[in-house]
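Reading the structure
Listed below are the residues making up each chain.
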Amino acid sequence: MRSTKDSPQGSDSTIADVAAAVGVSIRTVSRVLNQSPKVNAETRERVQQAIAALNFRPSMRARAFAMGRSFLIGMVHNDRNALVLDAVQRGIVGEAGRRGYELVVHPTPMDAAASVEDVLQFVRRSRTDGLVVLPPVSGIAGLPEALAREHIPAVALSALPITGYADVILSPEREAAAQVARYLLDLGHRRIAMVGGPANAISAQERRAGFVEALAAAGVTLLDEAEGDYGFQSGLAAAERFLSLPTTPTAIFAANDVMAAGVLKCAGIKGIAVPQSLSVVGFDGSLLSHVVSPALTTIWRPFGDMARIATQQLIDRIEGQAVTAELPPPLRLVEAESSGPAPA
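Scope of this entry: the structure provided in the associated data block. Quick caveat, the model's predicted, so the values are computed rather than measured.

Quick look at the packing of aromatic side chains
Counting across every chain of the model gives three aromatic pairs. Consider the rings of Phe211 and Phe253, whose centres lie 4.6 Å apart with planes at 35 degrees: the pair is tilted. In this pair, Phe211 sits in helix H9 (residues 202-217) while Phe253 sits in strand E8 (residues 251-254), placing the two residues 42 residues apart along the sequence. There is no split in this pair, since Phe211 and Phe253 are both buried. With a centroid separation of 6.4 Å and an interplanar angle of 55 degrees, the aromatic rings of Phe253 and Phe283 are classed as tilted. On the criterion of sequence distance, the pair formed by Phe253 in strand E8 and Phe283 in strand E9 (residues 279-284) is long-range, its members being 30 residues apart. Like Phe283, Phe253 is buried. By way of ring pairs, the aromatic residues Phe211, Phe253 and Phe283 are connected into one cluster. One cation-aromatic arrangement involves Arg332 over Trp300; the distance from NZ or CZ to the ring centre is 4.4 Å.

Structural notes on helix H5 (residues 82-98)
For H5, with 17 residues, the first-to-last C-alpha span of 24 Å sits near the 24 Å given by 1.5 Å per residue. Residues of H5 that are buried in the fold lie against strand E1 (72-77), strand E2 (102-107), strand E3 (130-133), E9 and helix H13 (303-318). The distance from a side-chain oxygen at the start of H5 to the backbone nitrogen of Leu83 is 3.1 Å, and the residue carrying that oxygen is Asn81. Two residues or fewer past H5, Gly100 is found with a positive phi of approximately 85 degrees.

Things to note about the pattern of salt bridges
Applying the stated rule across the entire model yields 21 salt bridges. With a closest N to O distance of 3.7 Å, Asp229 and Arg80 form a salt bridge. Here Asp229 is found in the loop between strand E7 (224-227) and helix H10 (232-242), whereas its partner Arg80 is found in the loop between E1 and H5, with 149 residues between them in sequence. By relative accessible area, which is 64% here, Arg80 ends up exposed. Between Arg207 and Glu173 there is a salt bridge whose closest N-O contact spans 2.8 Å. Of the two residues, Arg207 sits in helix H9 while Glu173 sits in helix H8 (residues 173-186), which places them 34 residues apart along the sequence. Given the relative accessible area of 2%, Arg207 is considered buried. Judged by its relative accessible area of 2%, Glu173 is buried. Within this structure, Glu95, Arg98, Arg99, Asp316 and Glu319 form a network of salt bridges that share partners.

Calculation criteria
- Residues numbered from 1 in each chain as written.
- Predicted model: local features only at pLDDT ≥ 70, side-chain atom pairs only at ≥ 80, totals over all residues.
- Heavy atoms only, no water.
- Phe/Tyr/Trp six-rings, centres within 6.5 Å; stacked < 30°, edge-to-face > 60°.
- Helix = DSSP H or I, 4+ residues; strand = E, 2+ residues; numbered from the N terminus.
- Buried < 20%, exposed > 50% of the residue type's maximum accessible area, 1.4 Å probe, protein only.
- Lys NZ or Arg CZ within 6 Å of the ring centre and 35° of its normal.
- Expected span 1.5 Å × (residues − 1).
- Contact = heavy atoms within 4.5 Å.
- Polar contact = N/O pair within 3.5 Å; in protein donor to acceptor, adjacent residues only side chain to side chain.
- Salt bridge = Lys/Arg side-chain N within 4 Å of Asp/Glu carboxyl O.

Right, dumping it as structure tokens:
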């Protein structure tokens, strides 16, 4: 009976069978499987043809052992937004799977010292070959330096450049928020309120700065603002406050779609027509922006593309290849049903 150690899950062919069919050594077949440059093109093609003809499926465990890798990619995050995480995970899995890697997801706390140690312990336990680090975790002080000291390749997603990571995929959120401000101003709005994100989050800081600066350039100041936590209830609470003022806003910008959904809920409870009496704009462009009614005007962020590019660059570094230079699509405003001209 033939050994199936190198060909689990139903294939009877072994690496020895492939080598015998081509007339080369087992080491040569192994080099082809591991994409070694030490095999000439003609031999590589013959080996690949034999692999296909014999339906040989190499053991990932054996391949990982031979190469000193786990073929696991870690994704580290602290994000409660399942819709955002879903898009990011799909982007990572698509690229990782194409290149023979699997994804391990790890949520981590935001306390700086605890988070750094937690991430390091995660890598040691899971033996991941590298990390994709999402915001706000990517902005934790000391994390990129700690990963570098442990020789752990890591690519970050961030709204601002961060030193210490191998690569950073940038999301220019300040300019995107400025687009929202200019859009509302062009619609004639002057009584404008904002629900921001957590004050310690880089993304929230950038979105607020871009929005407020663009308003100021037009001589407009916020009617009111509230700090949210990117959650639905904080959007609802902020809108309750704004819409109870003696002079209410005609437009509210929420720093993510989930909080914007809370604003829409509050407006509905109070019987305030959107967009006839109140315009609402969110940020993220997640599925939620299409599900709520009215459909939400929002800033679309290319989560999947950013995650795919981050994974591509991470695996390039893990495998010692030239890093693929690719920029994600720009953030853009997507106009829908929740915004309109300021009421007379």
